[in-house]
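The primary structure of each chain is shown beneath.
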Amino acid sequence: MSITNEEAVKQLRALMEDVDDSLRESYRNIHQGNTIETLSRFLKARDWSVQKAHKMLLECLEWRTQNEIDKILAKPIVPVDLYRAIRDTQLVGVSGYSKEGLPVIAIGVGLSTYDKASVHYYIQSHIQMNEYRDRVVLPSATKKQGRPICTCLKILDMSGLKLSALSQIKLMTAITTIDDLNYPEKTETYYVVNVPYIFSACWKTIKPLLQERTKKKIQVLKGCGKDELLKIMDYESLPHFCRREGSGSGRHISNGTVDNCFSLDHSFHQDLYNYVKQQALVKGSSAPIRHGSVHVKFPEPDTEGNKIFDTLETEFQKLGNDQKM
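These lines cover the structure that appears in this document, whether it is placed above or below. If you're wondering where the values come from, they're calculated on a predicted model, not measured in any experiment. (Residues numbered from 1 in each chain as written. Predicted model: local features only at pLDDT ≥ 70, side-chain atom pairs only at ≥ 80, totals over all residues. Heavy atoms only, no water.)

1. Quick word on the pattern of salt bridges
Overall, the coordinates contain 16 salt bridges when judged by the stated rule. A salt bridge links Arg213 to Asp47; the nearest nitrogen and oxygen atoms lie 3.3 Å apart. Taken together, the residues span a long stretch of sequence, with Arg213 in helix H9 (residues 212-217) and Asp47 in the loop between helix H3 (35-45) and helix H4 (50-66) at a distance of 166 residues. Asp47 gets classed as exposed once you look at its relative accessible area, which sits at 58%. Through salt bridges with shared partners, one network takes in Asp47, Glu185, Arg213 and Lys217. (Salt bridge = Lys/Arg side-chain N within 4 Å of Asp/Glu carboxyl O. Helix = DSSP H or I, 4+ residues; strand = E, 2+ residues; numbered from the N terminus. Buried < 20%, exposed > 50% of the residue type's maximum accessible area, 1.4 Å probe, protein only.)

Laid out in structure tokens, this is it:
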């Protein structure tokens, strides 16, 4: 007999009251005072099974402790030229907020190349953006809205997607697995825009493999998606690649400000980078900032994740063979 969602939260909350002292800092950094919302996310990720959600949450806390994730916002990627190269090849940024106050995260899937630094730097950068979102951006949005804001919207730009993206699957698998296991259910909706033929062909094969709750979150929009997205956010919050048809993910500058939310010159990335440097000085007590990436252990993908990426790899190879013929 299944228990209600409210009862599941109550049971998981009781279990987490006995969490080991060594994991308490990580637990606080995860929930940021919004305990019920956080427990609900982990329960939702495990189909409201208290036992499975409890196991998932404990494994997440252990992963954070073993990899010093709670200190990662005090470990800047230096020199700044290296970080700029990462920003130019790992296209992610915050373009604004929805009308309901949720951060709008833009991701340039098609034009991200991940070829200017080691895998460890890209993983470090991704986790830093996750932690900055959860520890700074979302608490700020919560305060502004006067209610818990614990999730975001993501807009995935497929402009420029090519068969060469196959070489990035290993890194993308690592990033996706880290998010699935340690930052579950942080995204309300995924909006996919500027879709080329290669995505449409793969989507037909991959969609049936996704869990029902995941499929419900994904909306593939026509063209750049501007008309649909303006129903849920103001024009100023649209990512630059959604502002006009065919705009792609290139740099756009207007009125002396950088509209490209992927760029290091954008206010979001400036704030993030300055925050990390400041935290490094505070935590390091004036010690020099060390060069080198943070090595984070990559969790193993679950069975579903492996199946999806194996299928994606097969589809890319099939499309490549078709093009040769």
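2. Some words on the nonpolar core
Ranked by internal contacts, the top residues of the largest apolar core, which has 45 residues, are Trp63, Ile123, Ile127, Phe268, Leu272 and Val296. Breaking this core down by element, the ones donating at least two residues are helix H5 (80-89), strand S1 (92-97), strand S2 (103-108), helix H6 (119-145), strand S3 (152-157), helix H7 (169-182), helix H8 (197-206) and helix H11 (267-284). Excluding residues that lie within four positions of it along the chain, Ile123 makes contacts with Leu171, Ala174, Ile175, Ile178, Val296 and Phe298. Judged by nonpolar contacts, the second largest core, of 19 residues, contains Leu91, Ala106, Ile155 and Cys261. (Core = buried A, V, L, I, M, F, W, Y, C linked by side-chain atoms within 4.5 Å. Contact = heavy atoms within 4.5 Å.)

3. A word on unusual backbone geometry
Cis rather than trans, the peptide bond between Val78 and Pro79 has omega equal to 0°. Along the chain, the position of Pro79 falls in the loop between H4 and H5. Within the chain, Gln32 stands out as a residue other than glycine whose phi angle is a positive 50°. By secondary structure assignment, the location of Gln32 is in the loop between helix H2 (24-31) and H3. With a phi close to 50°, Tyr114 is a non-glycine residue in the positive phi region. Along the chain, Tyr114 falls in the loop between S2 and H6. Given a relative accessible area of 18%, Tyr114 falls into the buried group.

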